[in-house]
Amino acid sequence: MKKVDRKILLNPGPATTTDTVKNAMVVEDICPREEEFGALIEGIKNDLVKVVHGEDEYIAALFAASGTGGLEAAITSAVPKGKKLLVVENGAYGTRMIKLAETFDIGVVRYQLEYGDYPSVEAIGKLLKENEDVSHLAVVHHETTTGMLNPVQEICDLSHKHGVEVIVDCMSSYAGIPIDVKKWQAEYIISSSNKCIQGMAGLVFVIFKADLLPKLSEQKRSFYFNIYSQYVGFEKTGQMQFTPPVQVCYALRQAIDEYFAEGEEGRWSRYQKNWDVLVEGLQDMGLSFLLPYEQQSKILLAIIEPKNPKYNFDAMHDYLYEKGFTIYPGKGAKSATFRLSVLGDLYPKDIEDFLVALKGYLTSIA
Ligand SMILES: Cc1ncc(COP(=O)(O)O)c(C=O)c1O
């Protein structure tokens, strides 16, 4: 097995991966139209549904793309012509879904908040009442902009009372935060291969209710990002319609196996241990956070930037990067922040080492 230097990625994906996931990409060349490869994809799709306990009710469409491609597939496939999409916008990824819908001339009802404000279920109810032409609601589960965990269960319950279907961007929560999709009853959830599932970048999946297929067959907005044709195409032929990133698929297979070996609880509790070490260490250094504790995803932390005039994010980044730690800038939150995530193949010792390095930077500017 080839070993490479281990880097500690504290950006919210693509994440630090295991050597076994990296090495899973070194495989014999294979044509993705071979039966053997079709069986690999079939297994991956079934297991992706199992991660969120959706067996027998949900199915998965897999695309070669980054996460945004999956959002594009879900939104353009789901919202019928003449109907509107209500978007909960309390971070950059909510805004992205609005821009995406508008690109396809899909009417949007915007529930706009500052990045870092918690959505009010009452306000969403009011918008649903006032806009009867809304057929779908889109919300980000874990808003990676701020580290906020949005109240998806309440939003799903409320939307369904209004006959509205729900699209949940689970990009940075899937396989990290336990999700029971049958409990949510969300119609569509989306995630990608390179975040908490800990695979390589290049694949995105939409997990959706199987009984939506007849309705989806009527939607023809996108040729490539069409959930119906992608799902049905694979069912008919055992092949992906378009060339998949072959080696990335093998890495995802390995990452899924490692997920099930660790277990849903195991992964969540490892991330929690990382989180506890991180929070305590940052507090000891006098740093404070954007969100109140109860709104935190406990996977990513938006930290208020130090007031010290000598502080400079880029300088801090470069100082830490040289020591093998990658950190992430803020993304338009209501206060200036930088972000640290604990997702990926990371352990409390990694976070402790990072805290020593961060302290080194902060001491150097004190
Ligand atoms: C919540 C959320 N949605 C969407 C995306 C977009 O994914 P990508 O950059 O892979 O297209 C990200 C990426 O970080 C994300 O965190």
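Quick caveat: nothing in here was measured; it's all calculated off a predicted structure. (Residues numbered from 1 in each chain as written. Predicted model: local features only at pLDDT ≥ 70, side-chain atom pairs only at ≥ 80, totals over all residues. Heavy atoms only, no water.)

Caption draft 1: Here's a closer look at the environment of Arg253. Along the polypeptide, Arg253 turns up in helix H10 (residues 246-262). Take Arg253: its relative accessible area is 17%, and that puts it in the buried class. The contacts of Arg253, once residues within four sequence positions are left out, are Leu40, Gly43, Ile44 and Asp47. Within the structure, the side chain of Arg253 is placed 2.8 Å from the side chain of Asp47, a separation counted as a polar contact. A distance of 2.7 Å separates the side chain of Arg253 from the side chain of Asp257, its partner in a polar contact. (Helix = DSSP H or I, 4+ residues; strand = E, 2+ residues; numbered from the N terminus. Buried < 20%, exposed > 50% of the residue type's maximum accessible area, 1.4 Å probe, protein only. Contact = heavy atoms within 4.5 Å. Polar contact = N/O pair within 3.5 Å; in protein donor to acceptor, adjacent residues only side chain to side chain.)

Caption draft 2: Quick peek at the site of the ligand. In the vicinity of the ligand, the contacting residues are Ser66, Gly67, Thr68, Leu71, Tyr93, Arg96, Val140, His142, Thr144, Asp169, Met171 and Lys195. In the environment of the ligand, an oxygen atom lies 2.6 Å from a nitrogen or oxygen atom belonging to the side chain of Ser66. At a separation of 2.8 Å, an oxygen atom of the ligand approaches a polar side-chain atom of Lys195. A total of 390 Å² of accessible area belongs to the ligand in isolation, and the protein chains cover 86% of it. Among the elements that line the shell around the ligand, the one with the most residues is helix H3 (residues 67-78), at three residues. The residue makeup of the shell around the ligand, split by class, is four nonpolar, five polar and three charged. (Near = heavy atom within 4 Å. Areas by Shrake-Rupley, 256 points an atom, 1.4 Å probe, with all protein chains shown as cover. Nonpolar A, V, L, I, M, F, W, Y, C, P; charged D, E, K, R; others polar.)

Caption draft 3: A look at helix H5 (residues 121-130). Of all the positions in H5, only Ile124, Gly125, Leu127 and Leu128 are classed as buried. Each buried residue of H5 lies within a common arc of 165° when the element is viewed along its axis, so the set occupies one face. Structural note: H5 exposes Glu122, Lys126 and Lys129 on the side pointing more than 90 degrees away from its buried face. Close packing links the buried residues of H5 with strand E3 (84-89), strand E4 (107-112), strand E5 (134-140) and helix H6 (152-161). (Arc of directions from axis to C-beta.)

Caption draft 4: Representation of the side chain of Gln198. Structurally, the position occupied by Gln198 is in the loop between strand E9 (188-192) and strand E10 (203-209). Here the side chain of Gln198 touches Arg270 through a polar contact of 3.1 Å, side chain to side chain.

Caption draft 5: Structural context of the nonpolar core. Grouped together as the largest cluster of nonpolar side chains are 89 residues, with contacts concentrated most on Tyr174, Ile189, Ile207, Leu282 and Phe354. Counting residues per element, this core draws most heavily on H10, which supplies nine residues. Of the residues that make up this core, three or more belong to each of domain 1 (28-260) and domain 2 (262-364). In contact with Tyr174, other than residues within four places in its own chain, are Leu48, Val51, Val52, Ile179, Ile189, Ser191, Cys196, Ile197, Phe205 and Ile207. Ile167, Met171, Val204 and Phe225 belong to the second-largest nonpolar core, a separate cluster that totals 34 residues. (Core = buried A, V, L, I, M, F, W, Y, C linked by side-chain atoms within 4.5 Å. Domains from an automatic or database assignment.)

Caption draft 6: Region of the structure containing the sheet that holds E3. Strand order in the open sheet formed by seven strands is E2-E10-E9-E8-E5-E3-E4, and the pairing between neighbours is mixed. The outermost strands of the open sheet, each flanked by one partner alone, are strand E2 (58-64) and E4. Each adjacent strand pair in this sheet contributes to an overall mean axis angle of 20°, direction not counted. Relative to E10, E9 runs antiparallel, the two sharing five bridges. Bridge pairing in E10 places Ile190 opposite Val206. (Pairing = 2+ DSSP bridges. Axes fitted to C-alpha atoms, helices over the stretch in contact; angles between N-to-C directions.)

Caption draft 7: The packing of H3 against helix H4 (residues 92-103), seen in detail. Interaxial distance between H3 and H4 falls to 10 Å at its minimum, and their mutual angle equals 55°. One way to sum up the angle between H3 and H4 is to call them oblique. For the crossing formed where H3 meets H4, the hand is right-handed. Taking contact as the criterion, the partners of Thr68, Leu71, Glu72 and Ile75 in H3 are, on H4, Arg96, Met97, Leu100 and Ala101. For the contact of H3 with H4, the per-class residue count stands at five nonpolar, one polar and two charged. (Parallel < 35°, antiparallel > 145°, perpendicular 65-115°, else oblique. Left-handed = near helix turned anticlockwise from the far one by under 90°.)

Caption draft 8: Region of the structure containing the packing of aromatic side chains. A complete count under the given rule lists 13 aromatic pairs for this structure. Considering the side-chain rings of Phe325 and Phe354, the 5.7 Å spacing of their centres and the 65° angle between planes classify their relative orientation as edge-to-face. Taken together, the positions of Phe325 in strand E12 (residues 325-326) and Phe354 in helix H13 (residues 348-364) put the pair 29 residues apart, joining distant regions of the chain. Each member of the pair Phe325 and Phe354 is classed as buried. The ring of Tyr293 has Lys298 sitting right over it, with the charged end atom 4.3 Å from the ring centre. (Phe/Tyr/Trp six-rings, centres within 6.5 Å; stacked < 30°, edge-to-face > 60°. Lys NZ or Arg CZ within 6 Å of the ring centre and 35° of its normal.)

Caption draft 9: Region of the structure containing the sheet that holds strand E11 (residues 300-304). Spatially, three strands are ordered E11-E14-E13 in an open sheet, and the strand pairing comes out antiparallel. This sheet does not close on itself; its edge strands, each paired only once, are E11 and strand E13 (328-329). In terms of strand pairing, E11 meets strand E14 (residues 337-341) through five bridges, oriented antiparallel. When the bridges of E14 are listed, Ile304 appears paired with Thr337. Its contacts with the sheet put helix H11 (residues 264-284) on E11 and E14, and the angle it makes with E11 is roughly 5°.

Caption draft 10: Expanded view of a negative patch on the surface. Among the surface-exposed residues, Glu28, Asp29, Glu34, Glu35 and Glu36 lie close enough to one another that they form a single negatively charged patch. Among the secondary structure elements, Glu35 is positioned in helix H2 (residues 35-51). (Patch = residues over 30% accessible without salt bridge, like charges linked within 9 Å, V, L, I, M, F, W, Y side chains within 5 Å. Salt bridge = Lys/Arg side-chain N within 4 Å of Asp/Glu carboxyl O. Lys, Arg positive; Asp, Glu negative; His and termini not counted. Charge placed at Lys NZ, Arg CZ, Asp CG, Glu CD.)

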